[in-house]
Structures are given as structure tokens and as C-alpha cells.
Amino acid sequence: MSPHAHITGWGMYVPERVMTNADLEKIVDTNDEWIVSRTGIRERRIASDEETTASLATEAALRALEVANLSPSDIDLIIVATSSPEHLFPATACLVQDRLGAGKAGAFDLLAACSGFIFALDMAAQAIRSGSIQNAVVIGSETLTRMLDWNDRNTCILFGDGAGAFVLQAGEDPAGVLSSVMRSDGSGGDALSIPAGGSRFPTSIETLQNGLHFLQMDGREVYRFATRVMSQVTQEAIESAHLKIEDIQLIIPHQANLRIIEAAARGLKVPLERCFINLDRYGNTSTASIPIATCEAIEQGRLKPGDKVVFVGFGAGLTWGAAVVQWSGPFPGRRKVYPARYRYYARLRSWMLRILRRLDAIIWGGLHREK
Ligand code: UT7
């Protein structure tokens, strides 16, 4: 029998700096009443100069590993879903792999915008079910506020920074990720994009002058798309798990806009209370919003082992997707592991690997000259 992909660890990390709607009123022509009534957002977190997408991701991953009681050396696969990678390459996931000291893990980034965490969860679950890996860490991490035009009130009020992570482990019990659905429609790609900085529009004076390296969005278009797909894809994922909406204890939607979540709840004919909402405090953290919301749902006792939960999201691409999970909780542990301590070991390991690479280059250089 093929193994099941259980979620056995979870962790979140958000920057300390809070930016309220009142703070935004000082930057752009907006007001608290408009932002709250149109989006439900009251405040968001902003990364400090020292914080990066990889550093937030590493903190969230260490917390998730602590819950799962797994050390970084146990990880086979790291997927970072992000809309604000540190570079085009190397992948942010490789930076996280190095910071964790996860010596045997393959690592890659997944770009499906705000749906990225659901897509990454699906990929990791498939790898576990196929039997090719045992343990995976899936992370959603963002410093998207660095890609915003702070003069554009249509976008700068919406987003925030943060990271969330799950640990997935192979287990025999029939629970964990029960089904997932991934969908895309590239014909809507221009509704939400960062046009420049890639190979289509390499960074130039013109792209900078025209602000093409900033996030651009047709808010109404994205809103219409989101309200159309959220309930539909939730239903699809539930059917694919051979369940009914009544079997689902909690829905954790992408935290973009309260009105979009309300429309999804109406479409599914479930009370809004069945949906977890925390966007008032974090805004839209893109790929990180679902794992951050999950951590808070657990903390508040709204998600317990045995419960069935749906994760559902949408984003640029266009992309959308949903996953049905029977919640597991950590596997009974052997010895207690303290993953945070690996931070120092990982730094030493990385430093030694860099020195070895230098020595290697010197030795090879010498041999080459002797020939
Ligand atoms: O992860 C996916 C990310 N994207 C999304 O989730 C975005 C989905 N879309 C939305 O959430 C909504 O479309 C928005 C919140 C972005 C906008 O809400 P809306 O109800 O669709 O407003 P609107 O764009 O239709 O704008 C209504 C008015 C406009 O003024 P006029 O043309 O009617 O005079 C805007 O200029 O509100 C104005 N406006 C603002 N006013 C105060 C737009 N942004 C602001 C603002 N403060 N920040």
C-alpha cells in the first residue's frame, strides 16, 4: 500500500513591525474606513532591512520542525512557494536548505503566486505517496511589500510580509492530504503581475522609469475571478476526496479580502464561522497566508487531529486550487529534537563547505597549471 502524506508540523514567523491603516493614511490618499469596508484589513507586518524571504522562511521551518520533532538532517525535500523570491536564481529554497543545514534535502522554489502553497503541498504529498521521499518541508514566505509601489493606493494597502511552513511525513494511517486540485488560466496573466525584471523586460532605465518592477493589478478583474473560482474549486476538492461539505470542520481560505471569503462561504452555503479569518492583522501575505492562518487556527483550538480541513486559494497566473486534509498532528516522538539549535550547526556547516570549495578551486587550479 502506498504511504499517506500526513501534516505533522507547522510554524509561522511574522516580522515585528506593524503598519496600521492609520500609518498608510500618512503615505497615500486612503483611509481606515475605506480599507476596512472594502478588504477587512486593519494592519499588516513589514519586514525589517535585515529580514529576507529566506530568513522568514527559515524561522517558520524551524518552528514547524520543532512541532514535528524532526531534525533538518531528516528532510528529503524543501519547497518554497513564494511570489517574492530573493533572486531569479538561486532558488530561495536552496538558501533555506543551507540555513537549516538540511544536508540531504533537494530544494526548489514554486511560483504559482498566492496559490503557491497549495500547489507545493500537492507536489510534496505526491512525492511522499509515490514512496520516493519520507519527509518534506513546504513553506510559503513573502517580503512582497518590497515589490509594491507605495504611491499606488490600489495595491499598497493590501499586502504584508510573513512566512508559514508545514512538515509532511509518510505514514500508514489513511489520513493527511486526501485530495488536491490545481488550476491555471494564463490568459488572465496580465490582471496581476510584476512585468519587469525577468527575461521579457530585463531591468532597464525605461522599466524603472515606468515602474514596471512594481506589482500591478486590475483589482476588479482579480476580484471577479476570485469570487467565481473559490467555492467551485473547494467543491471539486471535496468531491475528489469522496466527502461532502458537511464533513468539513474548517475552511482555511487565502487571506486576500474578507468580501471574497464571504462570497465563497455564500457559494458553499456554509456559515462564515466555518472559515478561518485573520487577514485583519496580516493583510494578504500571498503564499504565506494559508499556513499562517493554519497556525493560528490550531492555537485557537479550531483545528484538531482528526478534523477535515480545506485549504483554498487563488492568485496571479491566474492560478487557483484547493486541498482537503485530514489533520494529523505530530507523530509520537523518539528522542526530543531541538531544530533551532541546528541554526548554529548549519552556519558552521555552510562556512566549512565554502572553505572546502575554495580549497578545491586552489588544488584544481594548481593541477591545471602543472599539466
Ligand atoms: O492574492 C490576490 C491578490 N489580489 C486581490 O485579492 C485583489 C482582489 N480585488 C480586491 O480585493 C478589490 O478589487 C480591491 C480591494 C483591490 C478594490 O476594491 P473595489 O471595491 O473593487 O474598489 P474599486 O477598485 O472598484 O475602487 C472603488 C473606488 C475607486 O474610486 P472611483 O473610481 O470609484 O472614484 C478607487 O479609485 O475606490 C478608490 N480606491 C480607494 N480609495 C481609498 C481604490 N483604492 C483606494 C484606497 N483608498 N486604498
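Computed from a predicted structure; not experimentally measured. (Residues numbered from 1 in each chain as written. Predicted model: local features only at pLDDT ≥ 70, side-chain atom pairs only at ≥ 80, totals over all residues.)

Comments concerning the domain arrangement of the protein chain
Structurally, the protein chain comprises domain 1 (4-326) and domain 2 (342-370). Its C-alpha centre places domain 1 at a distance of 36 Å from the equivalent point of domain 2. Each partner contributes to the interface: domain 1 provides 7 residues, whereas domain 2 provides 6 residues. The element best represented in the side of domain 1 that touches domain 2 is helix α4 (residues 92-100), accounting for 3 residues. Residues of the side of domain 1 that touches domain 2, tallied by class, amount to 3 nonpolar, 2 polar and 2 charged. (Domains from an automatic or database assignment. Contact = placed C-beta atoms within 7 Å. Helix = DSSP H or I, 4+ residues; strand = E, 2+ residues; numbered from the N terminus. Nonpolar A, V, L, I, M, F, W, Y, C, P; charged D, E, K, R; others polar.)

Some remarks on the site of the ligand
Taken together, 19 residues are adjacent to the ligand, and T30, R153, G219, Y223 and A256 come closest. With 5 residues, helix α7 (residues 219-240) is the largest single contributor of residues to the shell around the ligand. (Near = placed C-beta within 6 Å.)

With respect to the nonpolar core
One recurring pattern in soluble globular proteins: nonpolar side chains tend to sit buried together. Counting residues in hydrophobic clusters, the biggest one holds 116 residues, and the most contacted among them are A124 and V138. Once residues lying within four places of it in the same chain are set aside, the contact partners of V138 are I79, F117, A120, L121, A124, A165, F166 and L168. (Core = buried A, V, L, I, M, F, W, Y, C linked by C-beta atoms within 7 Å. Buried ≥ 20, exposed ≤ 12 C-beta atoms within 10 Å, placed from the backbone.)

A look at the sheet that holds strand β1 (residues 4-13)
One open sheet accounts for 5 strands, arranged β1-β7-β6-β4-β5; its pairing is mixed. Each of the sheet's edge strands pairs with one partner strand only, and the pair in question is β1 and β5 (106-110). Looking at each pair of strands side by side, their axes are set apart by 20 degrees on average, direction ignored. Note that β1 and strand β7 (residues 162-171) share 9 bridges and pair antiparallel. What sits directly across from W10, in β7, is F166. Across the sheet, helix α3 (residues 53-68) lies against β1, β4 (77-81), β6 (135-142) and β7, angled at about 125 degrees from β1, the strand it touches most. (Pairing = 2+ DSSP bridges. Axes fitted to C-alpha atoms, helices over the stretch in contact; angles between N-to-C directions.)

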